[in-house]
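Listed here are the chains, written in short residue letters.
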Amino acid sequence: MARQYHSDAKPLNVRDFGEDDEPSWAFSPQNNYYYLPGTKFSPDFGLYDPEQGTYEESPCRATGNDCFSQWVSRNDWYETVKLNYGVDYQGNHQMAFSPSEPDTWIKMRDILMFWASTGVDGFRCDMAEMVPVDFWGWVIPKVKEQYPNVIFIAEVYNPHEYRNYIHRGKFDYLYDKVGLYDTLRAVMGGQSASLITGQWQAVEDIQSHMLNFLENHDEQRIASRFFAGNAEKGKPALLVSALMNTNPMMIYFGQELGEPGMDSEGFSGEDGRTTIFDYWTIDKIRRWRNGGKFGGTQLTEEEKALRHYYDKVLRMCNKDKAIREGQFFDIMYANYDNELMDTNKLYAFLRKSGKELILVVANFSDEMQRTWVKIPAHAFDILGIPTLTDKTPCKELLTHKNEKHILVPDGTTYLEVPANGGKILKFTL
């Protein structure tokens, strides 16, 4: 909550956050904020405005990033105060959730209900693990009781808490940040593609709840010099992130145009991220949106091509049954001893549904890879793949070209995989 927050649009019977607080109490479940009695908000830098003067706050309230001190730095979330969800942080983290719910719970429930009533699709809950899981487990079912199609997405960075926020907290999806995102970023930076396997294995039991992404407002843009420096390098990661399982994948605005985020905005400066603090214009978005009735006429040919690539891949997610709802089978383990496949640069897996089989090979190298990919006999058994000793027609979904390949248990399939891209072969068995 902003330090100077007050509502100028609340209904007459609604009390503002903090309006009924007792500031002389460091903690009360009925206070909306945490207080530091006898102290004055004292940042280690000046907060002075020529028109408003110096900002004063006494007693000081706890700052949004769990800073329970009057002395805050620029690296603290100094412009915010922490909401009190009934956990006494200064009293051994004791929880005061009964016999009645904390006042903040009631207010936040009403806010969620209001926005759900307007028809929003869902809520992305920032730093959800800084709010007690008990609150989420209480409020999400209440919202879904009236608005069953509303989804809740949690930003949770601690993998040890993932299952807690899914099973107890009732979240639909969690950002797969410290797992798949961080690993894909490392692979794009030169680490081995074989690292990807361990990431889906770590969340295999909750895979359907994991939200994949390659960019968001907290992370640096792929095309920025702080990350890959070239949006093309994100193509193989897109294939993995979007096609690997049936869980959702998020695209951040402008990612599909190669937006680099290399602007020097007022609050955050030049850091490879798109500002969330300042009024700003995003060059590639502006040129795309102002491109006429069908869009895109002000984009460069490279930008159009990248957007077309994203468009093709994302449409596969819904169009092709094997990707939309099929089984997933990682075939990397069968290729670590395969001298004809570079498992540091290539990542390969299968998707299967009914008579539809798809082989995906992502190439994280700057060079085209000529490779022989081994498909283990175990995959044939688990997925029910028939042996195809004769060259069988299939379609390459990225180029729409027809190819012919054999499929033999523990045999190899020869592929030429383009640099910073991939191969997606679809067989109708």
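Below is a summary of the structure that appears in this document. Just so you know, these numbers come straight off a predicted model, no measurement behind them.

A few words on the packing of aromatic side chains. Aromatic rings considered in pairs are described by the distance between their centres and by the relative angle of their planes. On inspection of all chains with the given rule, the structure shows 26 aromatic pairs. Measuring from ring centre to ring centre gives 5.0 Å for F114 and W115, while their planes differ by 80°; the resulting arrangement is edge-to-face. Since its relative accessible area comes to 43%, W115 is described here as partly exposed. With a centroid separation of 6.5 Å and 75° between ring planes, the pair formed by F152 and F171 is classed as edge-to-face. With F152 in strand β8 (residues 151-154) and F171 in the loop between α3 (162-168) and β9 (173-175), the pair connects residues that are 19 residues apart, well separated along the chain. For the pair F152 and F171, a shared accessibility class is recorded, and that class is buried. Through a chain of ring-to-ring contacts, three or more aromatic side chains come together here, namely Y85, F97, W105, F123, F135, W136, W138, F152, Y165 and F171. If you follow R221 out to its NZ or CZ, it ends over the ring of F253, 5.4 Å from the centre.

Core analysis: the biggest nonpolar cluster contains 66 residues, and I196, L243, M244, Y347, L350, F364 and I424 have the highest contact counts within it. Non-local contacts of L243, meaning those with residues more than four positions away in its chain, are made with L238, V313, M316, C317, I323, F349, R351, V360 and I424. Counting residues in each nonpolar core, the second largest holds 40 residues, with Y85, L112, C125 and F135 among its members.

Okay, the side chain of T413 next. Among the structural elements, T413 can be located in strand β18 (residues 411-417). Setting aside its immediate chain neighbours within four residues, T413 contacts T371, W372, V373, I375, H405, I406 and L407.

This next bit is on the sheet that holds strand β11 (residues 249-250). Strand order in this open sheet of 5 strands is β7-β8-β9-β10-β11, and the pairing throughout is parallel. At either margin of the open sheet sits one strand with a lone partner, and together these are β7 (122-125) and β11. Bridge analysis of β7 against β8 gives 4 bridges, and the strand direction is parallel. Bridging from a neighbouring strand, G122 pairs with I151 of β8.

Between helix α1 (residues 103-117) and helix α2 (residues 133-146), whose axes approach to 10 Å, the crossing angle comes to 35°. For α1 against α2, the interelement crossing comes out right-handed. Across the interface between the two elements, W105, I106, M108, R109, L112, M113 and A116 from α1 touch D134, F135, W138, V139, K142, V143 and Q146 from α2. Residues that form the contact of α1 with α2 fall into these classes: 10 nonpolar, 1 polar and 3 charged.

Criteria and thresholds
- Each residue is numbered by its place in its chain's sequence as written, counting from 1.
- At least 70 in pLDDT is required for a residue's local features to be given in this predicted model, at least 80 for side-chain atom pairs to be given and counted, and no such filter applies to totals for whole chains, interfaces and linings, which use all residues.
- Hydrogen atoms and water are omitted, and side-chain values are computed over all heavy atoms in the structure.
- Centres within 6.5 Å are what make two rings of Phe, Tyr or Trp a pair, Trp counting through its six-membered ring; a difference in plane orientation under 30 degrees is then read as stacked, over 60 as edge-to-face, and the rest as tilted.
- In this scheme, a residue with accessible area under 20% of its type's maximum is buried, one over 50% is exposed, and one in between is partly exposed, where area comes from a 1.4 Å probe on protein chains only.
- Comment: elements are numbered from the N terminus, with helices defined as DSSP H or I runs of at least four residues and strands as E runs of at least two.
- Cation placement over rings: the criterion is NZ of Lys or CZ of Arg within 6 Å of the ring centroid and within 35° of the ring normal.
- Note on terminology: a nonpolar core comprises buried Ala, Val, Leu, Ile, Met, Phe, Trp, Tyr and Cys residues joined through side-chain atoms within 4.5 Å.
- Contact between two residues is taken to exist if any of their heavy atoms lie within 4.5 Å; hydrogens are not considered.
- Here, strands pair whenever DSSP counts at least two bridges between them.
- The convention used is that axes are lines fitted to C-alpha atoms, helices contributing only their stretch in contact, and that angles between N-to-C directions extend from 0 to 180 degrees.
- Should the near helix be turned anticlockwise from the far one by less than a right angle, the crossing is left-handed, and should it be turned clockwise, the crossing is right-handed.
- Asp, Glu, Lys and Arg are counted as charged, while Ala, Val, Leu, Ile, Met, Phe, Trp, Tyr, Cys and Pro are counted as nonpolar; the rest, among them Gly, fall into the polar class.

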